[in-house]
Amino acid sequence: MTATTHEIEKMDTSPVSQATVKEGNGRTIIPDVDIIEKADHYILIADMPGADEKTLDITVEKDLLTIRGRMLITIPENHRALKSEFRSGNYQRAFRIYEEIDRDGIKATFHNGVLKLTIPKSENARIKKIAIESA
Amino acid sequence: MLSVLERDWNPWYTFERMEREMEEFQRRMAQFFGDLDISGTAGYPPVNLWQNHDGVVLHAEVPGLEKEDIEITVAGNTVTIKGSRKAEALEKDERFHLRERRTGDFTRTIELPYQIEADKVGARLHNGVLEITLPRAEAEKPRKISLN
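Caption draft 1: Up close: the overall build of chain A. If you tally the helices and strands in chain A, you get zero helices and 11 strands. Listing every helix and strand of chain A by position from the N terminus yields β-β-β-β-β-β-β-β-β-β-β. Put simply, chain A has 135 residues, and 44% of those count as buried. For chain A, the share of sequence-separated contacts (at least 6 apart) that also reach a separation of at least 24 residues comes to 55%. For chain A, the exposed surface amounts to about 7600 Å²; the carbon and sulfur share of it is 51%.

In C-alpha cells, the structure reads:
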C-alpha cells in the first residue's frame, strides 16, 4: 500500500473550483460490490465514488483479483468542515477466482464512480446447450 | 479445490468480511459517542458540508447516477436531494453471487443554518460525487459595522 501521508495537490486553476486536496490517511475503504453470473461471463460492479480513473488498479495474480483506487475528497478553498460523513482513503478489495475464468479477457470500464469488470468464463466453464437429436 | 466445498458452489470469495464488520462496528461506536469526524451514515447519500461566510458547499456520494437521475430542490434553509438508482436487470438463468450496492429511491433533506439564495445554487457531478454550492442569502450575510 502506498503510504502517502500528506500529499497536497493543486487542482487546475479554474477560478470557480480551485481546491486543495485533503491528505490521504491511508485508510482502506471497502467498496460495495455486486457480482452477477451470466451465461458466458461474470460482471463485477464496484461503487468507488470520488476515485479517479487514473488511480484505478486492477490486478489478477494467481487466483486473486484485486481492485484498488484512490479516493480523494476535495475541500473548497477557505472553507471549514460543517459535516463529514465520508473521507479520503484507498479503495481496496480482493476476490478469489477459480480456474474457470479467462484472465486475459477481463475488461474494465469506469463511469460515474462505478467500476465495472466483465470477466469471461473460460471455454470449458460455459454452459453448453446440448441439442437432443430426434431419433 | 477444497475451498470450493467450504464455500458451497460459489466461485467467489470475499476476504474482507471481517474488516468490513470491524469498520461498521467502529462507525457505530463513533456514532454512539458522538464523534464529529465520522458521524456515521446518517442517511443516503452520505454528505460532506464545507462552510465559509458566503455559504456552504455540499458533496454527496452518488455513484452510478446520471445527471438525469438526480433532482435538487432548495426551499428556505433546506436543500433536498432526490434520486433513484436502478437495480441491475437479470435475465433468466442469471444470478447474483454478491449483492451489496443499494438500489431504489432515496430522498435526503439537509438543513442549513441560514436561508439559501436559491437563484444562485449550482451543481455538478464528477466521478460519482455530486457538488452543490449553496450561497447564503444576501440579506443574511454577516456585515461589518464601522464605528463612527
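After that view, the rundown keeps rolling.
Caption draft 2: Here's a closer look at the interface of chain A and chain B. Listed by partner, the interface residues are 55 residues for chain A and 54 residues for chain B. The partner of Arg 93 of chain A in a salt bridge is Glu 100 of chain B, with the nearest N and O atoms 2.6 Å apart. Secondary-structure elements contributing two or more residues to the side of chain A that touches chain B are β3 (33–37), β4 (41–47), β6 (64–71), β7 (74–76), β8 (80–84), β9 (89–96), β10 (107–111) and β11 (114–120) of chain A. A per-class count over the side of chain A that touches chain B returns 28 nonpolar, 11 polar and 16 charged. Sheet topology note: the β3 of chain A/strand β6 (residues 95–99) of chain B ladder contains four bridges and is antiparallel. Bridge pairing in β6 of chain B links Asp 34 of chain A to Arg 99 of chain B.

Caption draft 3: Highlighting the confidence of the model for chain B. Residues and elements named next belong to chain B. Confidence along chain B averages 79 in pLDDT terms, with 72% of residues attaining 70 or more. Least confident of the elements in chain B is helix α1 (residues 2–6), whose mean pLDDT is 34; most confident is strand β9 (residues 129–135), at 97. The model gives residues 1–13 a pLDDT under 50, and that stretch makes 29 contacts with residues more than four places away or in other chains. This stretch, residues 34–41, has a pLDDT under 50; its non-local contacts, to residues over four places away or in other chains, come to 15 contacts.

Caption draft 4: Broad picture of the sheet that holds strand β4 (residues 70–75) of chain B. Residue and element names in this part refer to chain B. Spatial strand order, β4-β5-β7: three strands in an open sheet with antiparallel pairing. With one partner strand each, in any of the chains shown, β4 and β7 (104–111) form the two edges of the open sheet. On average, adjacent strands in this sheet sit at an angle of 15 degrees to one another, irrespective of strand direction. Examined bridge by bridge, strand β5 (residues 78–85) and β7 share eight bridges and lie antiparallel to one another. The residue bridging Ser 84 from the neighbouring strand is Asp 105, located in β7.

Caption draft 5: Representation of the packing of aromatic side chains within the structure. Residue and element names in this part refer to chain B. The tally for this structure, following the rule as stated, stands at one aromatic pair over all chains. Relative to Phe 106, the ring of Tyr 44 has its centre 5.2 Å away and its plane inclined at 75 degrees; by these criteria the two rings are edge-to-face. Linking Tyr 44 in the loop between α2 (17–32) and β2 (47–52) with Phe 106 in strand β7, this pair joins segments that are 62 residues apart in sequence. Classification of Phe 106 as buried rests on a relative accessible area of 10%.

Caption draft 6: Looking closely at unusual backbone geometry. Residue and element names in this part refer to chain B. The amide bond that connects Tyr 44 to the next residue, Pro 45, takes the cis arrangement and shows omega of 0 degrees. Among the structural elements, Pro 45 can be located in the loop between α2 and β2. Positive phi values are uncommon outside glycine, yet Asp 93 reaches one of about 70 degrees. Relative to the helices and strands, Asp 93 is located in the loop between β5 and β6. For Asp 93, a relative accessible area of 66% gives the class exposed. Phi is positive for Asn 127, which is not a glycine, with a value near 50 degrees.

Caption draft 7: How the structure looks around the nonpolar core. Counting residues in each nonpolar core, the largest one holds 27 residues, and the members touching the most others are Leu 44, Met 48, Leu 115 and Ile 119 of chain A. Mapped onto this core, the elements with two or more residues apiece are β3, β4, β6, β9 and β11 of chain A. Of all hydrophobic cores here, the second largest spans 19 residues; its members include Phe 106, Ile 116, Leu 130 and Ile 132 of chain B.

Caption draft 8: Spotlight on the confidence of the model for chain A. Residues and elements named next belong to chain A. Put simply, chain A has an average pLDDT of 78, and 76% of its residues get 70 or more. For chain A, the element scoring lowest by mean pLDDT is strand β1 (residues 19–21), at 37; β10 scores highest, at 96. Long-range and interchain partners of residues 1–24, a stretch whose pLDDT sits below 50, account for 45 contacts in this model, where long-range means more than four residues apart.

Caption draft 9: Broad picture of the pattern of salt bridges. A full pass over the atoms with the stated rule returns 14 salt bridges over all chains. For Arg 96 of chain A, the salt bridge goes to Asp 63 of chain A, with nearest N and O atoms at 3.2 Å. You can see Arg 96 of chain A sitting in strand β9 and its partner Asp 63 of chain A sitting in the loop between β5 (57–61) and β6, a full 33 residues away along the chain. On the basis of relative accessible area, Arg 96 of chain A is assigned to the partly exposed category, the value being 25%. A relative accessible area of 30% means that Asp 63 of chain A is categorised as partly exposed. What you see here is one network of salt bridges that share partners, running through Asp 34 and Asp 47 of chain A together with Arg 85 and Arg 101 of chain B.

Rules and cut-offs
Residues numbered from 1 in each chain as written. Chains lettered and ligands numbered in written order. Predicted model: local features only at pLDDT ≥ 70, side-chain atom pairs only at ≥ 80, totals over all residues. Heavy atoms only, no water. Helix = DSSP H or I, 4+ residues; strand = E, 2+ residues; numbered from the N terminus. Buried < 20%, exposed > 50% of the residue type's maximum accessible area, 1.4 Å probe, protein only. Contact = heavy atoms within 4.5 Å. Areas by Shrake-Rupley, 256 points an atom, 1.4 Å probe, with all protein chains shown as cover. Salt bridge = Lys/Arg side-chain N within 4 Å of Asp/Glu carboxyl O. Nonpolar A, V, L, I, M, F, W, Y, C, P; charged D, E, K, R; others polar. Pairing = 2+ DSSP bridges. pLDDT = per-residue confidence, 0-100. Axes fitted to C-alpha atoms, helices over the stretch in contact; angles between N-to-C directions. Phe/Tyr/Trp six-rings, centres within 6.5 Å; stacked < 30°, edge-to-face > 60°. Core = buried A, V, L, I, M, F, W, Y, C linked by side-chain atoms within 4.5 Å.

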